[in-house]
Amino acid sequence: VQTGNRIEDEDRLTMKDANLSMRSADEMASLFPDHPEAISATEEIAEKCNVEIELGKTKLPEFFVPSGISLSAYLRELCEEGLKMRYGTQSIPHIQNNVTINNETIHVIRERLEYELSVIAKTGFTSYFLIVHDFVNWAKQNGIVVGPGRGSAAGSLVSYLLNITNIDPIKYKLLFERFLN
């Protein structure tokens, strides 16, 4: 797709004949006979590597929040700021992003926010949202282009309120549950 070619094009870019499998030291030595130092350096590096990954557990870096506040409380605080940014003043009905914000819509948004925050907390993804919020907003503030949002997190109101995505899941009736899969 990226190259603008079709499967029928004989001269299109393809990797079907490329052998990208792991090769033994003997195979590599025969492929690169003029570089024995590269083979020995590769073997030395491989011997120093020992990784054990515990499966079934989410591994996230620690996200530091302001002193005296929990991760969940900080996420909620950022979402409350996002409500004002994305939907404006809640006491006066108005139109934002082609969505009429009235009392009924405010109720739907509030209910959805509470649901998402509770699920995020229960599943242990609070740090994940804070980390992604941090680097996406840092990128935006420093002139680094990021997309409008994609994948399953695009259906998240929390992602929208945190400025991670620019896709309003209320307007487009997107499902947050898709993120859970």
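Because the structure is a prediction, the values reported are computed rather than measured.

Visitor: Kindly report on a negative patch on the surface, identifying the contributing residues and their values.
Guide: A grouping of Asp26, Glu27, Glu43 and Glu47 is seen on the molecular surface, where their side chains present a negatively charged patch. Mapped onto the negative patch, the elements with two or more residues apiece are helix H1 (25-31) and helix H2 (36-48). As for its position among the elements, Asp26 is in helix H1.

Visitor: Residues and numbers for the side chain of His133, please.
Guide: With respect to the helices and strands, the residue His133 is situated in helix H5 (residues 126-141). Apart from residues no more than four positions distant in its own chain, His133 is found in contact with Leu78, Leu162 and Ile164.

Visitor: Lay out the confidence of the model for the protein chain in plain terms, naming residues and giving numbers.
Guide: Close inspection of predicted coordinates is inappropriate in any region flagged by low pLDDT. Per-residue confidence for the protein chain averages 86 on the pLDDT scale, and 91% of its residues sit at or above 70. Of all secondary-structure elements in the protein chain, the lowest mean pLDDT belongs to strand E1 (residues 94-96), at 51, while helix H6 (residues 157-161) reaches the highest, 96. Counted against residues more than four places away or in other chains, residues 90-94, with its pLDDT under 50, gives 12 contacts.

Visitor: Tell me about the packing of helix H3 (residues 71-87) against H5, and name the residues and values.
Guide: Pairs of packed helices are described in terms of their axes, by the angle between the two and the distance that separates them. Two elements in contact, H3 and H5, have axes whose closest approach is 9 Å; the angle formed by their N-to-C orientations is 45 degrees. Viewed along their axes, H3 and H5 adopt a mutual orientation that is oblique. As H3 runs across H5, the sense of the crossing is left-handed. Note on element contacts: H5 touches H3 through Thr126, Ser127, Phe129, Leu130 and His133, opposite Leu71, Ser72, Tyr74, Leu75 and Leu78.

Visitor: Which residues make up H3, and what values go with them?
Guide: Residues separated by three or four positions in an α-helix point in the same direction, a consequence of the helix having 3.6 residues per turn. An ideal rise of 1.5 Å per residue puts 24 Å on 17 residues; H3 measures up with 24 Å between its terminal C-alpha atoms. Regarding H3, the residues found buried are Tyr74, Leu75, Leu78, Cys79, Gly82, Leu83, Arg86 and Tyr87. Of the residues flanking the end of H3, it is Gly88, one or two places downstream, whose phi is positive at about 75 degrees.

Rules behind the numbers
Residues numbered from 1 in each chain as written. Predicted model: local features only at pLDDT ≥ 70, side-chain atom pairs only at ≥ 80, totals over all residues. Heavy atoms only, no water. Patch = residues over 30% accessible without salt bridge, like charges linked within 9 Å, V, L, I, M, F, W, Y side chains within 5 Å. Areas by Shrake-Rupley, 256 points an atom, 1.4 Å probe, with all protein chains shown as cover. Salt bridge = Lys/Arg side-chain N within 4 Å of Asp/Glu carboxyl O. Lys, Arg positive; Asp, Glu negative; His and termini not counted. Charge placed at Lys NZ, Arg CZ, Asp CG, Glu CD. Helix = DSSP H or I, 4+ residues; strand = E, 2+ residues; numbered from the N terminus. Contact = heavy atoms within 4.5 Å. pLDDT = per-residue confidence, 0-100. Axes fitted to C-alpha atoms, helices over the stretch in contact; angles between N-to-C directions. Parallel < 35°, antiparallel > 145°, perpendicular 65-115°, else oblique. Left-handed = near helix turned anticlockwise from the far one by under 90°. Expected span 1.5 Å × (residues − 1). Buried < 20%, exposed > 50% of the residue type's maximum accessible area, 1.4 Å probe, protein only.

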